[in-house]
Structures are given as C-alpha cells and as structure tokens.
Amino acid sequence: MRKLRPPRSAHTTEKQQNRQSNSEFGDAATSLAANPDVTTISIEDPGETPKHHPGPPRSPGREEDDELLGNDDSDKTELLAGQKKSSPFWTFEYYQTFFDVDTYQVFDRIKGSLLPIPGKNFVRLYIRSNPDLYGPFWICATLVFAIAISGNLSNFLIHLGEKTYHYVPEFRKVSIAATIIYAYAWLVPLSLWGFLMWRNSKVMNIVSYSFLEIVCVYGYSLFIYIPTAILWIIPQKAVRWILVMIALGISGSVLAMTFWPAVREDNRRIALATIVTIVLLHMFLSVGCLAYFFDAPEMEHLPTTIATPNQTVAAAKSS
Amino acid sequence: MAEAAESPGDRGRASPRPLMRDLKAVGKKFMHVLYPRKSNTLLRDWDLWGPLILCVTLALMLQRGSADSEKDGGPQFAEVFVIVWFGAVTITLNSKLLGGNISFFQSLCVLGYCILPLTVAMLVCRLVLLAEPGPVNFMVRLFVVIVMFAWSIAASTAFLADSQPPNRKALAVYPVFLFYFVISWMILTFTPQ
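The model shown is predicted, which means the values in this text are computed figures rather than measured ones. (Residues numbered from 1 in each chain as written. Chains lettered and ligands numbered in written order. Predicted model: local features only at pLDDT ≥ 70, side-chain atom pairs only at ≥ 80, totals over all residues. Heavy atoms only, no water.)

Time to look at the packing of aromatic side chains. Scanning the entire structure with this criterion turns up 23 aromatic pairs over all chains. Summarising the aromatic geometry, the rings of tyrosine 184 of chain A and tyrosine 218 of chain A are spaced 5.9 Å apart at their centres and angled 65° between planes, so their arrangement reads as edge-to-face. One end of the pair, tyrosine 184 of chain A, is in helix α10 (residues 172-202); the other, tyrosine 218 of chain A, is in helix α11 (residues 211-221), and 34 residues separate them in sequence. Judged by its relative accessible area of 0%, tyrosine 218 of chain A falls in the buried class. Ring geometry for phenylalanine 104 of chain B against phenylalanine 105 of chain B: centres 5.3 Å apart, planes inclined by 85°, an arrangement best described as edge-to-face. Exposure remark for phenylalanine 104 of chain B: the relative accessible area of 28% places this residue in the partly exposed category. Three or more aromatic residues joined by ring pairs form one cluster here, namely Tyr184, Tyr209, Tyr218 and Phe259 of chain A. A cation over a ring is seen here: lysine 173 of chain A above tyrosine 292 of chain A, with NZ or CZ 5.1 Å from the ring centre. (Phe/Tyr/Trp six-rings, centres within 6.5 Å; stacked < 30°, edge-to-face > 60°. Helix = DSSP H or I, 4+ residues; strand = E, 2+ residues; numbered from the N terminus. Buried < 20%, exposed > 50% of the residue type's maximum accessible area, 1.4 Å probe, protein only. Lys NZ or Arg CZ within 6 Å of the ring centre and 35° of its normal.)

Next up, the structure:
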C-alpha cells in the first residue's frame, strides 16, 4: 500500500531552497532548474501570490485577472498584503518578500511610470499588493549618480574654453545628492502616508494605500528624472526648462492620478491641496537639483572666450 | 598570515599557513579574473585578502592630496574605501534578497577580485597622465577605462549570473554594472595636482 505524501506547505519549500543554497555552486543551479515542480507543490490560499514560479512571463492573462480584481478592492488588497508577510520581521525571509519581483515586472512598472494613462491607477495596475523595494532603491541610486555625473560633465563642458578653470571631480556632491534623493524618497511618502491615515480616521475613504505602496509609487515616479538628468548636460537654458516641464508633467500626473482616488471622498479643498502639495514638492526636487548641481550656462561668456584667442593670434601676427 | 614552513615534527602546536601559499592562492585568483573561464575556484576557496589589497591600492592611487582645496576635489582614501566595500555589501544583499544561491562572502570575494582590471586601468592612467595633457591623453585614458570596465563586468557576470534564478538575472546584474561604472568614473576623472 502506498503511503500518501503529505502536502508541502510554503514553509518546507523555503527550507528546501535554503538547503539548496548551501550545496555546491553548480548543483544548486541545475537542481533548481531541474525540479521546479518539486518546490511548487503546495496547498495554499488561491489569493496568496506563489513565490516559486520561475516560468515564462504570464503578463497578458495576469493583467486581465488583475483588472477584474483590482477596482476599488482595497479590503481584499489589505487582507492579501497582511497575509503575504507572514515571517517575523527579524528574519531574512521577511525582507525577501519585498524583493519578490521578476525582471519583466520591474520593466512593466517602469513603463507604467513613464506612460500615465488617465483612469489607470499605477498602484492598482502594476503594484498589485506586491510592493517591492528593489525599484525605489536602485532607481534612487541610479538617479544620485546620474545627477552627480551629469552635473560634473555639464560644468566641465560649460567652462571648457576658460583659461582660469581647473577641472575638479566635485566628489562631495555625490553624498549631497544621495542625502537629498533618499530623504525625498522616504520622508515624503512617510508624511503623506501619515496624512492619509489621519484623514482616513476622519472621513471613510474607499481606497487606502499601505506605506510600502506609497514608497513604491514615489520610487518608480522618479525614474523619468534619470534621462532628464542626462539630457540636462545640454547647456541651453530653454532646453533644460522644457525638460523640467516634461518630466514634472509625466511623474506629477502619475502621482496625482494615484493619489486622487485616495482623497476624493474628502473635503474638496483638502483633496485639492494634497494633490497640489504633492506636485509642488516634486517640482521643488527637480528645480532644486537643476539649480544646485548644474551651473547656469553663461551664454555671454562663450563669444568672449572664442574672441580672445583670435585677438591674441592677431596681436601676435601684427607684432 | 605567518612564518615558517610546516615541518612534520611539529604536530603539537597548530602549524600556521605559510605566507607563500596564501600569496599563491591570491595570485591564482587574479589569473582567474584576468582570464575568466567557467571555474569554481573563486567561489569555492573564497578569501578577502585579494579584494583588500586591490581596494587599498585603488584608494591610495585615487585619493587627492591633503594640500588641495578641500571643497570640490576628488575622493579621499576613506571615501573610496567606503564606496567599494559598502557597494559590494549592498550588491551582495540585493543578490541574496532576490533569491540568489551565493553566500555572502563568496559574493564579496567575486566583486572584490573583479576590481582587478580597473586597478590596472588606474595604474595605466597614472602613467599616461605623466605625459602632457591634452585631448589625445584623454582619449587614451578613456579607451583604457572603457576596456577594463567591460572586462570587469564580463568577469563578475560570469561568476555571479548563474547563482540567480533565471527570471531575475538582469535585476541582479544591473547593480554590478552601476558599481563598476561609478568606480570607472572615479578613475577617469582623476586629475593630479
């Protein structure tokens, strides 16, 4: 008589994965690839997101399901979010739940932040109760270095002809940029979350976001500033300000469309003031970075630096 | 790391590893980085001496002199050191959080050893800077740094990419790219006083 195998729960699959990670380098990769089905035989809640499916991207069907689930379903979303993080916060597995994203998911979220579609909420459509910290952290890191390096390059190109200019790498600006950007990416979501929680206690809102979802939206909305910072190297004031407007328009609208459903039940003035504050803070960030890291392109200086070598050459010729 | 070679008679006290053997192990790993092949040596026998030597060398060469303007110069010794080690630790944590199979110190070892091409680039740049400055000088340095940057990325990806689940490889490799890019930038923009 055959003994029935007990159903594998999520706990044993994690243990199995840990055991695999301790084995020899080559074996681990091959065994994981060879037995994907071993780790995924589990009886779990249908709502719980399966963690061990390394299969091909399932985005078309998955997006449809999510659309059906996703409209104003904050109760179920909150419940799912609560169910997911089952490990206590002092274990490593707890933090792994914040990095449970695949490559195609990160790309989808970045794409969503670049193309704001009216009516489609970024959180509902892309984050889907699976907020990740990978995107916000690495987008902010890239942005820090993009701003510092572009600022340095831009200053170098602007002052290129000047005789008194000596190039310096301006390394200190990296730490300043890091402080500003990471502070913005964490403190503004924290205060916004606190504010929304406070308003929730006064006025019953249908839609409410968790702190991590807000951090996620802010992190991904900063992505547009990376190509903007690189394009800010162009030493033309008009070009720079047009770039500021475009970037602010795109990321501001992503943020506004995300947070409008969370405040629209409220007093009209408070709702409008919240959205305006969100967009204003975003604008201060971009304009502040532009002003601090990028020297003003001094248009008047360029003709004189071109003229002086000619004059010296002419003077040398005539003497 | 210690002194005399082991002798079969001294079983009583713990025999220290000879210095030459450790240096040979470090040198062998350098060769594995310079000629990256599918081999487990870097991962199996990890050590952190090589990364430490490379990091100290790089930081010594990159630091600005104390006589310069404190304001806007290049990085200090401590800043380079912190960037390299903090960056390596962050990438390792990122890789493990994404579900990678590699251990913490193995990953630090690989990332540290793969700075070797960039350290070589720094040496070459220092030598090139002794010649007269100009656009040709800059072009040569740019070319050397780009080649060494690509080499570092190729070497570290060869070791690290296999330890990630296949649908997250790009997520784990991108921070490595950023890390070596920042180090390359620091090398390229180094200006002596």
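After presenting the structure, the write-up continues.
Another point: the interface of chain A and chain B. At the junction of the two partners, chain A supplies 33 residues and chain B supplies 36 residues. On the surface where chain A and chain B come into contact, there are 2 salt bridges. A salt bridge links aspartate 102 of chain A to arginine 168 of chain B, with the shortest nitrogen-to-oxygen separation between them at 3.0 Å. Summed over the shared surface of chain A and chain B, the result is 10 residue pairs in polar contact (both at pLDDT 80 or more). Of all the secondary-structure elements, those providing two or more residues to the side of chain A that touches chain B are α2 (25-34), α6 (92-96), α7 (103-114) and α9 (134-158) of chain A. Of all the elements, α9 of chain A adds the most residues to the side of chain A that touches chain B, at 9 residues. A breakdown of the residues in the side of chain A that touches chain B according to their chemical character gives 21 nonpolar, 7 polar and 5 charged. (Contact = heavy atoms within 4.5 Å. Salt bridge = Lys/Arg side-chain N within 4 Å of Asp/Glu carboxyl O. Polar contact = N/O pair within 3.5 Å; in protein donor to acceptor, adjacent residues only side chain to side chain. Nonpolar A, V, L, I, M, F, W, Y, C, P; charged D, E, K, R; others polar.)

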